[in-house]
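Secondary and tertiary structure notes
Each chain, written out:
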Amino acid sequence: MRKILHISDLHAGKSLNKISRNPDLIYALNQVSQICKEEKVELLLISGDIFDKPIPDYDSEFIILEYLTEWSRSNIQVVLISGNHDSYDKLKAYKNLEKLAKVRIFDRPNPNVSESVFVYDNIAIACLPYPSERILTKGSEDTYRSYTQKVAQYLRALAKAVENYQYRILLSHIMVEKAIIAGSEREASVSEFYAIRPDQIPEVFDYVALGHLHIHQRIKQAVPKTYYAGSLYQIDFSEKDREKFVNLVIIEDKDIKVKPIKLSLYRELKEIKIEKSQSVDRALEELKNRNAIFKVILESELNDPMLNIKVQQIHQILGDKLAFLKLDFPEYFQTNITKDTESLNILDLYKAYYRHAYKTDMPENLEKELLSILQRVQHEADQA
Ligand SMILES: [Mn+2]
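These figures come from a predicted structure and were not determined experimentally.

Turning to the coordination of the manganese ion, a few remarks are in order. Only Asp9 (OD), His11 (NE2), Asp49 (OD) and His214 (NE2) from the protein coordinate the manganese ion, and they sit 2.1 to 2.3 Å from it. Mapping the donors of the manganese ion onto the primary sequence yields the spacing D-x1-H-x37-D-x164-H. Of the two residues, Asp49 is situated in the loop between strand S4 (43–46) and helix H2 (58–73) and His214 in the loop between strand S12 (207–211) and strand S13 (217–218); the sequence distance between them amounts to 165 residues. Residue Asp49 is classed as buried on the basis of its relative accessible area, which comes to 0%. Taking the relative accessible area as the measure of exposure, His214 reaches 0% and is therefore buried.

Packing of helix H1 (residues 22–39) against H2 leaves a shortest axis separation of 11 Å and a crossing angle of 5°. The angle between the axes of H1 and H2 places the two elements in the roughly parallel class. Taken together, the residues of H2 that come into contact with H1 (itself represented by Asn22, Leu25, Ile26, Leu29, Asn30, Val32 and Ser33) are Asp59, Ser60, Ile63, Tyr67, Glu70 and Trp71. Among the residues forming the contact of H1 with H2, the class breakdown is seven nonpolar, four polar and two charged.

Counted under the stated rule, the structure contains eight aromatic pairs. Each ring, one from Phe51 and one from Tyr94, has its centre 5.9 Å from the other, and the planes form 55°; the classification is tilted. With Phe51 in the loop between S4 and H2 and Tyr94 in helix H3 (residues 88–94), the pair connects residues that are 43 residues apart, well separated along the chain. Neither Phe51 nor Tyr94 differs from the other in exposure class; each is buried. Between Tyr354 and Tyr358 the ring centres are 4.5 Å apart and the planes differ by 45°, which places this aromatic pair in the tilted class.

Ranked by internal contacts, the top residues of the largest apolar core, which has 37 residues, are Leu5, Ile7, Trp71 and Leu232. The leading source of residues in this core is H1, at six residues. Aside from chain neighbours lying at most four places away, what touches Leu232 is Ile7, Ser8, Asp9, Leu10, Leu25, Ala28, Leu29, Lys244, Val246, Leu263 and Leu265. Grouped together as the second largest cluster of nonpolar side chains are 31 residues, Ala126, Tyr154, Leu155 and Leu158 included.

Attention now moves to the side chain of Asp86. With respect to the secondary-structure elements, Asp86 resides in the loop between strand S5 (77–81) and H3. A distance of 2.9 Å separates a polar side-chain atom of Asp86 from the backbone nitrogen of Asp49. For Asp86, the side chain forms a polar contact with the main-chain nitrogen of Gly83, separated by 2.8 Å. Beyond its immediate sequence surroundings of up to four residues, Asp86 is in contact with Gly48, Asp49, Ile50, Phe51, Ile81 and Leu91.

Moving on to the domain arrangement of the protein chain. Taken domain by domain, the protein chain holds domain 1 (2–263) and domain 2 (270–383). Measuring from the centre of the C-alpha atoms in domain 1 to the corresponding centre in domain 2 gives 38 Å. Contacts between the two partners involve seven residues from domain 1, matched on the other side by 10 residues from domain 2. For the domain 1 and domain 2 pair, buried surface summed over both sides reaches about 700 Å², with 71% attributable to carbon and sulfur atoms. Looking at the side of domain 1 facing domain 2, the largest losses of area belong to Asn17, Ile19 and Phe237, adding up to 69% of the total buried there. Here domain 1 is connected to domain 2 by two salt bridges. The partner of Asp241 in a salt bridge is Lys270, and the shortest N-O contact between them spans 4.0 Å. Inspection of the domain 1/domain 2 interface yields one residue pair in polar contact (both at pLDDT 80 or more). Class assignment for the residues of the side of domain 1 that touches domain 2 results in three nonpolar, one polar and three charged.

Take the sheet that holds strand S14 (residues 225–228) next. Pairing is mixed in the open sheet, where six strands are placed in the order S7-S8-S9-S12-S14-S13. Every other strand in the sheet has two partners, leaving strand S7 (117–120) and S13 as the edge strands with one partner each. Strand direction decides the pairing type here: strand S9 (residues 167–173) and S12, joined by five bridges, are parallel. Bridging from a neighbouring strand, His173 pairs with Gly211 of S12. Lying on the sheet, helix H5 (residues 147–162) is in contact with S7, strand S8 (123–128) and S9; it crosses S8 at an angle near 160°.

This next bit is on the pattern of salt bridges. Scanning all chains against the criterion turns up 27 salt bridges. For Glu42, the salt bridge goes to Arg2, with nearest N and O atoms at 2.7 Å. One end of the pair, Glu42, is in the loop between H1 and S4; the other, Arg2, is in strand S1 (residues 2–7), with 40 residues separating them in the sequence. You can call Glu42 partly exposed: its relative accessible area is 22%. Arg2 gets classed as buried once you look at its relative accessible area, which sits at 16%. Between Lys53 and Asp52 there is a salt bridge whose closest N-O contact spans 3.2 Å.

Calculation rules
Residues take numbers from 1 onward in each chain, read along the sequence in its written order. This being a predicted model, a pLDDT of at least 70 is required before a residue's local features are given, and a value of 80 or more before pairs of side-chain atoms are given or counted; all residues contribute to the totals for chains, interfaces and linings. Excluding hydrogens and water, the side-chain figures rest on all heavy atoms present in the structure. Listed donor atoms are N, O and S within 2.8 Å of the metal (Na, K and Ca: 3.2 Å). As water is not included, a site may look incomplete. To qualify as a helix, a DSSP run of H or I must reach at least 4 residues; to qualify as a strand, a run of E must reach at least 2; elements of each kind are numbered from the N terminus. Relative accessibility thresholds used throughout: buried, under 20% of the residue-type maximum; exposed, over 50%; partly exposed, between the two (1.4 Å probe, protein chains only). Lines fitted to C-alpha atoms define the axes here, with helix axes fitted over just the stretch in contact, and angles between the N-to-C directions of these axes take values from 0 to 180 degrees. Under this scheme an angle from 65 to 115 degrees is roughly perpendicular, one under 35 degrees roughly parallel, and one over 145 degrees roughly antiparallel; angles in between are oblique. Residues are treated as being in contact if the distance between any of their heavy atoms lies within 4.5 Å. Nonpolar residues are Ala, Val, Leu, Ile, Met, Phe, Trp, Tyr, Cys and Pro. Charged residues are Asp, Glu, Lys and Arg, and all others, Gly as well, are polar. A pair of Phe, Tyr and Trp rings is counted when the ring centres sit within 6.5 Å of each other, with Trp represented by its six-membered ring. The angle between the planes then sorts it: under 30 degrees is stacked, over 60 is edge-to-face, the rest tilted. Take the buried Ala, Val, Leu, Ile, Met, Phe, Trp, Tyr and Cys residues and link them wherever side-chain atoms come within 4.5 Å; each set so joined is a nonpolar core. A 3.5 Å cut-off defines polar contacts: any pair of N or O atoms within that distance qualifies, except that in protein one atom must be a possible hydrogen donor and the other a possible acceptor, and neighbouring residues in sequence count only when both atoms are side-chain atoms. Domain limits in this description derive from either an automatic procedure or a database domain assignment. Once two parts are brought into contact, the accessible area they lose, counted with a 1.4 Å probe and summed over both, makes up the buried area. The working definition used for a salt bridge is a side-chain nitrogen of Lys or Arg within 4 Å of a carboxyl oxygen of Asp or Glu. Pairing between strands requires that DSSP locate at least two bridges from one strand to the other.

This is the structure:
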């Protein structure tokens, strides 16, 4: 019997409005180490998004290096790939670890498929790090093909490269159609344009270890056992109330079993709405001592004289645990703006606000100025 552990989306260096999530990551990684020890795991697969940012801070690099070397010392073979949040070149620098430790790193998709396979005894692990659009167009002759066609073609080539091994695993950071999106993954990379179809995952694989989507899930439409392990902790508020898992893959002769193991959380993410009629004290009373990071939505009337005091109270009660405080003026929005969310752009919101605040329509030159700023921001955002 052999055991493999599949984990994903560590996002070292993530912070929520200045609250560092590295303590949450460490808490999760300690559980990973514990599981490896108890279950006698031989192989640890990490399917990308090691870091949250292309240039991680020192603390985050310290944590990642600490665990990689610790696992290696415990004789666990680690295989890891880049995700869309990782910089190819940053992870390339880590490849030097291969000389010192039982760590194998695939920093970017390699045009040479045979160099993308790591063989561990009779287990072949075919690796496809996050295929960025840029690198995919560069490496291929048939530019007329779409992104997903190229990814699918590469997967077929990987499948061919490992077909003669006894056990075959695919490790990748890609978007698959029909999967459930949390919202914290980064918008462009999860659009349908980048999604490969479940039937494009070659049948030859015994297990497909995916990263990218933060919700733990099996892609039932794919023939092989195909899983997103999901993130190790609730990365942002779009993942509130989500449980977190790692996958234990057990190989026994011809049989491959997948056993998801639930992780406990260092802190949960809690969203609280305080209604106009509610007192802040009472609304937060039960929750304030919870081990959590909070997002508070405070409902209020625009000219409520208590608004400032309420805001101060929330800060006082939750302190360091407060990540976001949003004000919600329901009456104001109901009377001034249509309920059609399509029309709720920043310009319309500001116009409505102006009308409310100054009791007159916004002057045309101000509208023009605002529009040009918004367009400039949009343009720069598109290029980023
Ligand atoms: Mn991710």
